[in-house]
Amino acid sequence: MALFLSSCGSNTTENSEETTAPLNQEEATNDVGIVTVYSHRHYDVDKKIFTDFEEKTGIKVMVKEDKASKLIELIAQKGDDADVLITVDVARLEQAREKGILQPIESEVITGRVPDKFRGSENHWIGLTKRYRVLAYSKERVDPEELTTYEDLTDEKWMGKIAVRSSDNTYNQSLMASIIANSNQDEATKWAKGVVSNFCRSPKGNDRDQVKEVAAGRADIAIINTYYLGKLLNSENQAEVDAGNAVGLVFPNYEDRGAHVNISGAGVCTNAPNKENAVKLIEYLLSDEVQAMYSAANYEYPVVEGVESSELLQSWGTFKEDDLPLEEIGKLNSTAIAVFAASGWE
Ligand SMILES: [Fe+2]
């Protein structure tokens, strides 16, 4: 696998490991072919998955890593080499479709393995993994029976107790889109104002930082994506492991609409020079084997039904998942941003 022109955006507040390797022209032009992936995923397991794919097929995987917004802009302007776009949130996939840089995927293997709600209605994009935006609560100070829904977050008993990242983060925007879709813009604005009034401090940091606020006693509840708890619990840094152990998870709204689910997903680029290889790669990413790797090594839930999630994820229990098609969440992204602005959620 060759990683080129890589730069995880320094302000993504995610893992930002800079790696640069030149594009190997010899590899790029060999007989077996290549596939060029523009990816916002920045996880070690992806490197292993792409290397395995190369070994199995002989197809070289060229990877350009960056923030999705930057990759989309690049592809729209001059990314003629891009075959596959991979993002960590549905809103960016839908944005890419709107910009005309994705084409419908024609593969029965792919459409057969990804449930309808996790695909664009014309298959311009599909989910690869699922991640839930949930509530991490202090095991010491919170009775989870008092905190069963996203709506509970506005209760004044949590005043000064909620830690969350900023509203320019797409995970928060997609959560907000799900609140809007399940109620309306006015209700969502009221909800957001209620949550803001319970903030422990102005939003900052990434999801892991919110859990650390809870572990340090400066907050009781953190809003996070599920896999970040897996990352903390498996960290080489003992303080992170301790922070992870200080919290339990509530998958909200288990008695009504279910927990908000988002995807990390992929699309085939409109001008993909290696379209056939692009489809082959995405088919491989949806294989039982890779789905299980995403779950074991990156603590994400498989999008393919019938593939079991890892033991750690199973230990978090069973729960209900929101049935909303992810496309609706993508389409509500700009409304979600407007609601955040109206509510004072920085
Ligand atoms: Fe993330």
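Residues numbered from 1 in each chain as written. Predicted model: local features only at pLDDT ≥ 70, side-chain atom pairs only at ≥ 80, totals over all residues. Heavy atoms only, no water.

Caption draft 1: Just the pairing of strand 3 (residues 60–65), in detail. With 5 of 6 residues buried, strand 3 lies mostly within the body of the structure. As defined by bridge partners, strand 1 (residues 2–3) adjoins strand 3 across 2 bridges and the pair is classed as parallel. Bridge pairing links Leu3 to Val63 in strand 3. Bridge count for strand 2 (residues 34–39) against strand 3 is 6 bridges, and the pairing is parallel. Bridge pairing in strand 3 places Ser39 opposite Glu65. (Buried < 20%, exposed > 50% of the residue type's maximum accessible area, 1.4 Å probe, protein only. Helix = DSSP H or I, 4+ residues; strand = E, 2+ residues; numbered from the N terminus. Pairing = 2+ DSSP bridges.)

Caption draft 2: Fine view of the domain arrangement of the protein chain. Domain boundaries in the protein chain define domain 1 (2–130 + 263–309) and domain 2 (131–259 + 321–343). Here the C-alpha centre of domain 2 lies 27 Å away from the C-alpha centre of domain 1. Between domain 1 and domain 2 we count 5 salt bridges in total. Here Lys130 ties to Glu321 by a salt bridge, and the two come within 3.0 Å at their closest N and O atoms. Viewed at the interface, domain 2 and domain 1 are joined by 13 residue pairs in polar contact (both at pLDDT 80 or more). (Domains from an automatic or database assignment. Salt bridge = Lys/Arg side-chain N within 4 Å of Asp/Glu carboxyl O. Polar contact = N/O pair within 3.5 Å; in protein donor to acceptor, adjacent residues only side chain to side chain.)

Caption draft 3: The arrangement of the side chain of Asn206 in detail. For Asn206, the location among the structural elements is in the loop between helix 7 (185–196) and helix 8 (207–215). Polar side-chain contacts of Asn206 include one of 3.1 Å to the backbone nitrogen of Arg208.

Caption draft 4: Just the packing of aromatic side chains, in detail. Summed over the entire model, instances satisfying the criterion amount to 11 aromatic pairs. Consider the rings of Tyr132 and Phe251, whose centres lie 5.9 Å apart with planes at 65 degrees: the pair is edge-to-face. Taken together, the residues Tyr132 in strand 6 (residues 126–138) and Phe251 in the loop between strand 9 (247–250) and strand 10 (261–269) connect sequence positions 119 residues apart. Both residues of the pair, Tyr132 and Phe251, belong to the buried class. Residue Tyr132 is classed as buried on the basis of its relative accessible area of 2%. (Phe/Tyr/Trp six-rings, centres within 6.5 Å; stacked < 30°, edge-to-face > 60°.)

Caption draft 5: Fine view of unusual backbone geometry. Non-glycine residue Asn253 carries a positive phi angle of around 60 degrees. Within the secondary structure, Asn253 sits in the loop between strand 9 and strand 10.

Caption draft 6: Layout of helix 15 (residues 333–343). Taken together, the buried positions of helix 15 are Asn333, Thr335, Ala336, Val339, Phe340 and Ser343. Angularly, the buried residues of helix 15 cover 160 degrees about the axis, an arc narrow enough to put them on a single face. Of the exposed residues in helix 15, the ones pointing more than 90 degrees away from its buried face are Ser334 and Ala341. Looking at the packing, one finds that the buried side of helix 15 touches helix 4 (90–98), helix 6 (170–182), helix 7 and helix 14 (326–331). Phi turns positive, to about 80 degrees, at Gly344, one or two residues after helix 15. (Arc of directions from axis to C-beta. Contact = heavy atoms within 4.5 Å.)

Caption draft 7: Spatial organisation of the pattern of salt bridges. Throughout the structure, instances matching the rule amount to 23 salt bridges. Across the pair Arg97 and Glu94 runs a salt bridge, and its minimum N-O distance is 2.7 Å. Of this pair, Arg97 and Glu94 are both found in helix 4, 3 residues apart, which corresponds to roughly one turn of the helix. Among the ionic pairs, Glu151 bridges to Arg257, the shortest N-O distance being 3.0 Å. Within this pair, whereas Glu151 is found in the loop between strand 6 and strand 7 (162–163), its partner Arg257 is found in the loop between strand 9 and strand 10, the two being separated by 106 residues in sequence. The exposure class of Arg257 is buried, given its relative accessible area of 18%. Several salt bridges share partner residues, and in doing so they unite Arg41, Asp46, Arg131 and Glu300 into one network.

Caption draft 8: Structural detail: the packing of helix 2 (residues 44–57) against helix 12 (residues 288–298). Across the interface, helix 2 lies against helix 12 with an axial gap of 10 Å and an inter-helix angle of 155 degrees. Classified by the interaxial angle, the pair formed by helix 2 and helix 12 is roughly antiparallel. Judged by the sense of rotation from one axis to the other, the crossing of helix 2 with helix 12 is right-handed. Taken together, the residues of helix 12 that come into contact with helix 2 (itself represented by Val45, Asp46, Lys48, Ile49, Asp52 and Lys56) are Glu289, Val290, Met293, Tyr294, Ala297 and Asn298. Classifying every residue of the contact of helix 2 with helix 12 gives 6 nonpolar, 1 polar and 5 charged. (Axes fitted to C-alpha atoms, helices over the stretch in contact; angles between N-to-C directions. Parallel < 35°, antiparallel > 145°, perpendicular 65-115°, else oblique. Left-handed = near helix turned anticlockwise from the far one by under 90°. Nonpolar A, V, L, I, M, F, W, Y, C, P; charged D, E, K, R; others polar.)

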